Amino acid sequence: MIAIRSEREIALLRKANEIVAEVHTALAAMIKPGVKTRELDAAAVEMMRERGAASAFLGYRGYPAATCISVDEVVVHGIPGDRALRAGEIVSIDIGVCYKGYYGDAAVTVPCGPVDAARRRLLKVTDRALTQAICAARSGNYVEDIARAIEAVCNPAGMGIVRDFVGHGIGAAMHEEPQIPNFVTGERGPRLRSGMVLAIEPMVNLGTHKVRVLRDGWTAVTADGKPSAHFEHSVVVREDGGEILSGSPTLIWGRADD
Ligand code: MF3
Ligand code: CO
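In this text, all values refer to a predicted model and were calculated from it rather than measured experimentally. (Residues numbered from 1 in each chain as written. Chains lettered and ligands numbered in written order. Predicted model: local features only at pLDDT ≥ 70, side-chain atom pairs only at ≥ 80, totals over all residues. Heavy atoms only, no water.)

Visitor: What should I look at first to understand the coordination of the cobalt ion (ligand 2) in this one?
Guide: Put simply, a metal with four donors set out as a tetrahedron has ideal angles of 109.5 degrees, and one with six donors set out as an octahedron has ideal angles of 90 or 180 degrees. Surrounding the cobalt ion (ligand 2) are the protein donor atoms Asp105 (OD), His168 (NE2), Glu201 (OE) and Glu232 (OE), at 2.1 to 2.3 Å. Classification of the site at the cobalt ion (ligand 2) as irregular follows from its six donor atoms and the range of 66 to 171° in their angles at the metal. Read from N- to C-terminus, the donor residues coordinating the cobalt ion (ligand 2) fall into the pattern D-x62-H-x32-E-x30-E. With His168 in strand E7 (residues 167–169) and Glu232 in the loop between strand E13 (228–230) and strand E14 (233–238), the pair connects residues that are 64 residues apart, well separated along the chain. Judged on exposure class, the residue His168 and its partner Glu232 are both buried. (Donors = N, O, S within 2.8 Å, 3.2 Å for Na, K, Ca; no water. Tetrahedral: all angles 85-135°; square planar, octahedral: opposite > 155°, others 65-115°. Helix = DSSP H or I, 4+ residues; strand = E, 2+ residues; numbered from the N terminus. Buried < 20%, exposed > 50% of the residue type's maximum accessible area, 1.4 Å probe, protein only.)

Below you can see the structure in the form of structure tokens.
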């Protein structure tokens, strides 16, 4: 059963996601060479606390931090720590909060200083894939139409769409039905209806789609060591497409030209 949210619930989900967007804006502004990923996490913890929200990630299945900060070859679930950012890297910031029992979840990937043309293109393609996916999140479509939209952007660009992690329904828990693969599986999945709330999150690699998880049990890296990008929004399914709840983190880094 996929929940259909009332406008009252959607208002609370919007509030949770506005907090997510505020944290994104602040953390993206902190992305500079020399900054340690744990400093970003500490800033996020403080901002969530000030806003009466809690991290949705901390303690989730034993996850040890409030945010996921995934640098360059790290695809997702990078654990903040002593890694210092370097110019030329791209940094995925994934933020999830719980506010009054409702969840917000979004991710954006930003450049640290000037980055090469291949990374700029990766950011642009992944951002556009998410935008197209959100347009496909309209009532009457099927979950697989979201994947189709992502493939239509990423496959011609020759980039690898990660298969081992998927998007998800979100609401009174961070992960609800349905799962939302970013690639076409051959199963059309459930039909989308107005009021469903989805976290859509393409993860796209410059090289192979294959990933492996490090021995910490969390950090997912590309199998070939090439960079990876991750953009995510929480959206409400509407008649004419997805309504973004989690602000506009895709606008943070700007649309650098190739
Ligand atoms: N945005 C990710 C997700 O939807 C983040 C989860 S990190 C975790 O799964 F630590 F909470 F698992
Ligand atoms: Co998510």
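Visitor: I'm lost on the site of ligand 1 in this one. Help?
Guide: Neighbouring residues of ligand 1: 13 residues in total, closest Tyr63, Asp94, His168, His175 and Glu201. The separation between an oxygen atom of ligand 1 and a polar side-chain atom of Asp105 is 3.0 Å. Between an oxygen atom of ligand 1 and a side-chain N or O atom of Glu201, the distance comes to 3.0 Å. Its free accessible area being 330 Å², ligand 1 has 94% of it covered by the protein chains. Here the residues of the shell around ligand 1 sort into six nonpolar, three polar and four charged. (Near = heavy atom within 4 Å. Polar contact = N/O pair within 3.5 Å; in protein donor to acceptor, adjacent residues only side chain to side chain. Areas by Shrake-Rupley, 256 points an atom, 1.4 Å probe, with all protein chains shown as cover. Nonpolar A, V, L, I, M, F, W, Y, C, P; charged D, E, K, R; others polar.)

Visitor: Help me understand the side chain of Ser139, please; the structure alone is not making it clear to me.
Guide: Structurally, Ser139 is set in the loop between helix H3 (117–135) and helix H4 (143–154). Engagement of the side chain of Ser139 in a polar contact is seen with the side chain of Glu239, the distance being 3.4 Å. The contacts of Ser139, once residues within four sequence positions are left out, are Leu192, Arg193, Ser194, Val237, Arg238 and Glu239. (Contact = heavy atoms within 4.5 Å.)

Visitor: Would you take a moment to explain the nonpolar core for this structure?
Guide: With 56 residues, the main nonpolar core has Val91, Ile93, Ile146 and Ile200 as its most contacted residues. Take this core: its biggest share by element is seven residues, from H3. When neighbours within four sequence positions are excluded, Ile93 is seen to be in contact with His24, Leu27, Ala28, Ile31, Cys68, Ile69, Ala106, Ala107, Val108 and Val110. (Core = buried A, V, L, I, M, F, W, Y, C linked by side-chain atoms within 4.5 Å.)

Visitor: Even after reading the chapter, I still don't get the packing of H3 against H4, so can you show me in this structure?
Guide: Running from N to C, H3 and H4 cross one another at 150°; their axes reach a closest spacing of 8 Å. The orientation of H3 relative to H4 falls into the category roughly antiparallel. When the axes of H3 and H4 are compared, the crossing they make is right-handed. Counted together, Val125, Arg128, Ala129, Gln132 and Ala133 of H3 and Ile146, Ala149, Ile150, Val153 and Cys154 of H4 form the full contact between these two elements. When grouped by side-chain class, the residues that make up the contact of H3 with H4 number eight nonpolar, one polar and one charged. (Axes fitted to C-alpha atoms, helices over the stretch in contact; angles between N-to-C directions. Parallel < 35°, antiparallel > 145°, perpendicular 65-115°, else oblique. Left-handed = near helix turned anticlockwise from the far one by under 90°.)

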